[in-house]
Amino acid sequence: MRPHAVHAVIAVKSLDRAKSRLSDRLRPEHRARLVLAMLADTVTAAAATAQVVSVTVVTPDPTVADLARTLGATVHPEPHRDAIDPADPDGLNTALTDAASALRHRHGPIDLLALQADLPALRPEELSDMLATAPQDVRSIVVDHAGTGTAALLVRAATTVLDPRFGPDSARRHIAAGAVALGGEWPGLRLDVDTADDLDLAVDLGAGDTTRAVLCDIGWPGHVHEQVRHVC
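Here is a short report on the structure shown in this document.

Procedures and definitions
- Residues numbered from 1 in each chain as written.
- Predicted model: local features only at pLDDT ≥ 70, side-chain atom pairs only at ≥ 80, totals over all residues.
- Heavy atoms only, no water.
- Helix = DSSP H or I, 4+ residues; strand = E, 2+ residues; numbered from the N terminus.
- Buried < 20%, exposed > 50% of the residue type's maximum accessible area, 1.4 Å probe, protein only.
- Arc of directions from axis to C-beta.
- Contact = heavy atoms within 4.5 Å.
- Polar contact = N/O pair within 3.5 Å; in protein donor to acceptor, adjacent residues only side chain to side chain.
- Salt bridge = Lys/Arg side-chain N within 4 Å of Asp/Glu carboxyl O.
- Lys, Arg positive; Asp, Glu negative; His and termini not counted.

### Considering the environment of Gln-136
Structurally, Gln-136 can be placed in the loop between α4 (124-133) and β5 (139-143). Measuring from C-alpha to C-alpha, the distance between Gln-136 and Ala-157 comes to 6.6 Å, with 21 residues separating the pair along the chain.

### Some thoughts on helix α2 (residues 62-70)
Residues of α2 that are buried: Val-64, Ala-65 and Ala-68. Projected onto a plane normal to the axis of α2, the buried residues spread over an arc of 100° and lie on a single side. Seen from the buried face of α2, the exposed residues on the opposite side, beyond 90 degrees, are Pro-62 and Thr-70. The elements touched by buried residues of α2 are α1 (28-47), β2 (52-59) and β3 (74-77). Structurally, the start of α2 carries an N-cap: the backbone nitrogen of Thr-63 is 2.9 Å from a side-chain oxygen of Asp-61. Gly-72, located one to two residues past α2, shows a positive phi value of around 90°.

### Description of the pattern of salt bridges
A side chain with one charge can pair with a side chain of the opposite charge if their charged atoms come near. Counted according to the given criterion, the structure contains nine salt bridges. With its nearest N and O atoms 3.4 Å apart, the salt bridge here joins Asp-194 to Lys-19. Within this pair, whereas Asp-194 is found in the loop between α6 (187-190) and α7 (196-205), its partner Lys-19 is found in the loop between β1 (6-11) and α1, the two being separated by 175 residues in sequence. We note a salt bridge from Arg-33 to Asp-217, for which the minimum N-O separation is 2.8 Å. In this pair, Arg-33 is assigned in helix α1 and Asp-217 in helix α8 (residues 209-218), connecting sequence segments 184 residues apart. The partly exposed category is assigned to Arg-33, whose relative accessible area is 34%. Judged by relative accessible area, which is 53%, Asp-217 ranks as exposed. Taken together, the shared-partner salt bridges in this structure form one network comprising Lys-19, Asp-118 and Asp-194.

### What to know about the side chain of Asp-41
Following the sequence through the fold, Asp-41 ends up in helix α1. An unpaired buried charge is present at Asp-41: no salt bridge exists, and Arg-212, the closest side chain of opposite charge, is 7.0 Å distant. Polar contacts involving the side chain of Asp-41 include one to the main-chain amide nitrogen of Thr-210, which spans 3.3 Å. Setting aside residues up to four positions removed in sequence, Asp-41 forms contacts with Pro-120, Gly-208, Asp-209, Thr-210 and Thr-211.

That's the geometry; what it means functionally is another story.
Written out as structure tokens, the structure reads:
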């Protein structure tokens, strides 16, 4: 195994629950396409990162699972609803924990990286730099561009559990649980997309090919469409 090898885990909800905060701008089928496109760009960037030796997508959605497999990712089934912690209503933290436990059962005491699924402007060099500079033997996070969420959670201490606390105000909750917030620039890594403004920022920064193509196809308005017209 290559030095400092990391196994990445990404959790994705069902497409019928996709990006509700964009519901005033996009129809449900367009939101679903956007989720798939952003996942494709996120997985592609992670898989192209030198230190990342595997990407696992945990999801209950068969369409998401099919896409993940075509991208070379491993698919892990979402835990049964009875196994989901009531304090984790979306089930994402339970899903990440279950997939992380399965990876360590399979591979031993490995380093783990939990990534958001909606990082369309992520660059492999950003992720590589983050992984190279993160301290050993601690849990580290990358706070998102809004300053309250968590774009990535890294566990290098092989005996330490992932303990994901994604959701509202997750950065504060991760730090309260002992995680260290990393200070690198990494704009694409920090830019998870929840709102229309986030999506505009991702395109300005340089969204991946799949996301740009979908935005062009669905006619995302304004200057964003002007910037992606070359893929139409």
